[in-house]
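The residues making up each chain are set out below.
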Amino acid sequence: MENIDIARTLRETADLLEIQGANPFRIRAYRNAVRTIDGLTRSLQDLVAAGDDLTELQGVGREMDLHIRELLQTGQLSTLNAVVEEVPRTLVELTRLDGVGPKKAKKLYDELGIESVEGLQAGIEDGSVPRLKGFGARSAEKMLRAIEDHRRQQGRFLRSEVEPYVESLMAWMEKAPGVTRVEVAGSWRRRRETIGDLDLLAAFDGDGTPVVEHFTAFDGAVRVEASGSTKGNIVLRSGLSVDLRVIPEESFGAALHYFTGSKEHNVHIRTLGVKRGLRINEWGVFEVPEGVDPDTVGKDGGRRVGGRTEEEVFASVDLPWIAPELREDRGEIGAARESRLPTLIEERDLRGDLHMHSTWTDGRDSIEAMARACAERGYAYMAITDHSKAVTMVGGLTPERVREQWVEVAEAQEAVGDSIRILRGQEVDILRDGSLDQPDDVLAELDVVVASVHSFMDMDRDAMTARVLTAIRHGGVDILGHPTGRLLGRRVAYALDVEAVLEACLEADVAVEINANPRRLDLNDRHVARARELGVKVVINTDAHRIGNLDLMRFGVEQARRGWLEADQVLNTRPLDELLEWLQGRR
Ligand code: DGT
Ligand code: CA
Ligand code: CA
Ligand code: ZN
């Protein structure tokens, strides 16, 4: 079993125990172990084989140690099997819906026998759910919307969920005898925020059967769907499907281009080829005799003129290489032709992170620990932006508490010296009427103000837009945090006129955030592209709630690249003095 599958089993057990109403300490033990496993760089299998003591890992106690060993040995967890006897597994899916927690899921099951999303929908529609105490018509309507969101996402995986598989699959395929190169194409390579399936390519000359057989023997495969001499398909425990294609070296570039997609981009490139008498497909670029329509020539027709590299494919239609992130047929081909492709931002361009939480609200680590971790990541500055008091669940800070926090910020600054500059920030709630959850004197004394919506997300579009515009125009806001409030797979964006919001940000010189959390990635790629066109400042933040989250920055950078962003439009690529100049000029 791979780490990710062990983590998934423990997570499911925790979810089910929570629905069952088990002791919170017991549930936390599972979740702590999951967190540690998610962050491990070595496989548990290897650690156990090497005779390591797993209880030395943070968050892994004796019970979890036994669970992990049981999973490695048997592929099963008896505790999970026992829990499943009492609570149906499918209830976990219910708790994934926005507005349905473990308690509500349990109640729906106990009182109405609802076990699934389909069951919930039926129960809402026949009126039994709205009649249930503690539910009501309003909450039923909200649940219906959550069900729709859920359906739209079904079958797709977050990038962060897929990433560990990509690494282990690459490592595995590189071990296949005779394989000279392995790439992951498809939406993964285009850095899309969600992934339908993985598309692996392996370079190999000759009959590919042994390569495909090596592939289907991958440890994480639960099913082999296809296996032949040029391709194979496996399904992993999580349900993720993986395609493999074995490609001869001379075709590798053409195949990489073809299977990277997008389909729309491919069609456009192929059309350009046809105009030049070329047939472009996954096998290569071929010259077709005059008078013959390239689209009608079979697989072997025409004289090969390229396809070993992607560059050859692009060059055949007089284009420079185009970054995979841009290949959505959203203007990249025209931009390439006119030599105005963007120089895309890279993670190393970033000099700071301006949105993160500490133990003062819902973060796990102290201000000083976060600062040291940011310094280790090479940043010149960072901002602590804990919640304001409207977020009562996490103990959001009152004006008095904010001022107390500044004392600790100063102490932390003293402790870390000039390795990094700690900015005094807040994630201030945008209240229902668009006013801000801190008085103006506090806002004026903060170095950085991130303003975000965390409540009343079901307002209608006009009201929500007015609310956000009021905050943008307040004068005390520097950054609009996670501007549309979406949570991938859980909750769609609230109704909002993003165009109006971006225009207002431009006018008020407020930066918009790309929240790098892989479940948020908010703004999305299209909105980022629009912000770029308008010239709105963008900032890429992790919204970290623990040190490990600081590494999520890469997902935000990928989203920025999909939105064509260059470094100079991104606020946190600026050196500290320039950033401070901008911030202070606004106070
Ligand atoms: P996904 O898996 O839904 O996240 O998205 P993709 O883009 O990875 O799509 P997938 O796995 O169905 O196919 C991989 C690539 O193969 C796709 O991006 C472009 C190429 N491709 C697939 N089907 C066609 C097709 O009918 N025509 C063309 N031109 N290209 C295709
Ligand atoms: Ca795919
Ligand atoms: Ca595919
Ligand atoms: Zn927030």
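Here, residues in each chain are numbered from 1, in the same order as that chain's written sequence. Chains carry letters from A onward and ligands carry numbers from 1 onward, assigned in written order. Only residues with pLDDT of at least 70 get local features here, since the model is predicted, and only at 80 or more are side-chain atom pairs given and counted; chain-wide, interface and lining totals rely on the full set of residues. For side-chain calculations, the full set of non-hydrogen atoms in the structure is used, while hydrogens and water are omitted.

Caption draft 1: Region of interest: the overall build of the protein. Per the convention used, a helix needs a DSSP run of H or I reaching at least four residues, while a strand needs a run of E reaching at least two, with both numbered from the N terminus. Scanning the protein for helices and strands turns up 25 helices and 17 strands. It is over C-alpha atoms that the radius of gyration is taken, and the globule rule equals 2.2 Å times the number of residues to the power 0.38. In terms of overall size, the protein behaves like a compact globule, its C-alpha atoms giving a radius of gyration of 26 Å where 587 residues would be expected to give roughly 25 Å. The principal-axis extent of the C-alpha atoms belonging to the protein is close to 80 × 60 × 55 Å. For the exposure calls, accessible area comes from a 1.4 Å probe over protein chains only, and a residue counts as buried if that area is under 20% of its type's maximum, exposed if over 50%, partly exposed in between. The proportion of buried residues among the 587 residues of the protein is 52%. Of the contacts formed within the protein by residues at least 6 apart in sequence, a portion of 67% connects residues at least 24 apart. Contact between two residues is taken to exist if any of their heavy atoms lie within 4.5 Å; hydrogens are not considered.

Caption draft 2: The coordination of the zinc ion (ligand 4), seen in detail. Protein-derived coordination of the zinc ion (ligand 4) comes from Glu-427 (OE), His-454 (NE2) and His-482 (NE2), at a distance range of 2.1 to 2.3 Å. Distances up to 2.8 Å from the metal define which N, O and S atoms are donors, and 3.2 Å serves for Na, K and Ca; water is absent from the atom set, so sites may look incomplete. Mapped onto the sequence, the donors of the zinc ion (ligand 4) take the spacing E-x26-H-x27-H. Of this pair, His-454 sits in the loop between strand 14 (448-452) and helix 21 (461-472) while His-482 sits in the loop between strand 15 (479-480) and helix 22 (498-508), and the two are 28 residues apart along the sequence. The class for His-482 is buried, based on a relative accessible area of 1%.

Caption draft 3: Spotlight on the nonpolar core. Grouped together as the largest cluster of nonpolar side chains are 60 residues, with contacts concentrated most on Met-382, Ile-422 and Ile-472. In this view, Ile-472 contacts Leu-480, Val-501, Ala-504, Cys-505, Ala-508 and Val-510; residues no more than four positions away in its chain are not counted. Only buried Ala, Val, Leu, Ile, Met, Phe, Trp, Tyr and Cys residues count toward a nonpolar core, and they belong to the same one when joined by side-chain atoms within 4.5 Å. Among the nonpolar cores identified, the runner-up in size contains 44 residues, and Leu-17, Ile-19, Leu-94 and Ala-146 belong to it.

Caption draft 4: A look at the side chain of Gln-426. With respect to the helices and strands, the residue Gln-426 is situated in strand 13 (residues 421-429). Of note is the side chain of Gln-426, whose polar atom sits 3.3 Å from the backbone oxygen of His-387. Polar contact criterion, stated in full: a pair of N or O atoms within 3.5 Å, where within protein one must be able to donate a hydrogen and the other to accept it, and residues adjacent in sequence count only if both atoms are side-chain atoms.

Caption draft 5: Examining the sheet that holds strand 12 (residues 381-387) more closely. Whether two strands pair comes down to DSSP finding at least two bridges between them. Here we have seven strands laid out as an open sheet, ordered 11-12-13-14-15-16-17, and parallel in their pairing. Each having just a single partner strand, strand 11 (352-353) and strand 17 (538-541) make up the two edges of the open sheet. Strand direction decides the pairing type here: strand 15 and strand 16 (residues 511-515), joined by two bridges, are parallel. Counted as the bridge partner of Ile-479 is Ala-511 from strand 16.

Caption draft 6: Just the side chain of Asn-549, in detail. Counting through the fold element by element, Asn-549 comes out in the loop between strand 17 and helix 24 (553-562). Side-chain polar atoms of Asn-549 contact the backbone nitrogen of His-545, separated by 2.9 Å. Excluding anything up to four places from it in sequence, Asn-549 contacts Thr-542 and Ala-544.

Caption draft 7: How the structure looks around the coordination of the calcium ion (ligand 3). For the calcium ion (ligand 3), the protein coordination sphere consists of Asp-197 (OD), Asp-197 (OD), Asp-199 (OD) and Asp-243 (OD), at 2.3 to 2.7 Å. Along the chain, the residues that donate to the calcium ion (ligand 3) are spaced as D-x1-D-x43-D. Between the calcium ion (ligand 3) and the calcium ion (ligand 2), the interatomic distance is 3.7 Å, and Asp-197 donates to each metal, bridging them. Residue Asp-197 is located in the loop between strand 3 (194-195) and strand 4 (198-203), and its partner Asp-243 is located in strand 7 (residues 241-247); the two are separated by 46 residues in the primary sequence. The exposure class of Asp-197 is partly exposed, given its relative accessible area of 25%. Overall, Asp-243 belongs to the buried group, its relative accessible area being 15%.

Caption draft 8: Structural detail: the UniProt feature "domain: Helix-hairpin-helix DNA-binding motif class" (unreviewed entry) in the protein. Under the present numbering, the feature "domain: Helix-hairpin-helix DNA-binding motif class" (unreviewed entry) in UniProt falls on residues 52-71, 92-111 and 127-146. Taken as a whole, residues 92-111 contains 70% helix and 0% strand, while its terminal C-alpha atoms sit 17 Å from one another. Span residues 127-146 is 75% helix and 0% strand, its end C-alpha atoms 17 Å apart. UniProt positions are given in the numbering used here, feature names are shortened, and annotations may be inferred rather than shown by experiment.

Caption draft 9: The arrangement of the site of ligand 1 in detail. Only a single heavy atom is needed: when it lies within 4 Å of a molecule or strand, its residue is near that molecule or strand. The environment of ligand 1 is formed by 16 residues, the closest being Arg-156, Ser-187, Arg-190, Gly-196 and Asp-197. Contact distances for ligand 1 include 2.8 Å between an oxygen atom and a side-chain N or O atom of Arg-156. Contacts to ligand 1 include Ser-187, whose side-chain N or O atom sits 2.5 Å from an oxygen atom. Note on areas: Shrake-Rupley with a 1.4 Å probe; residue coverage comes only from the protein chains shown. Here ligand 1, which alone exposes 600 Å², has 71% of that area covered by the protein.

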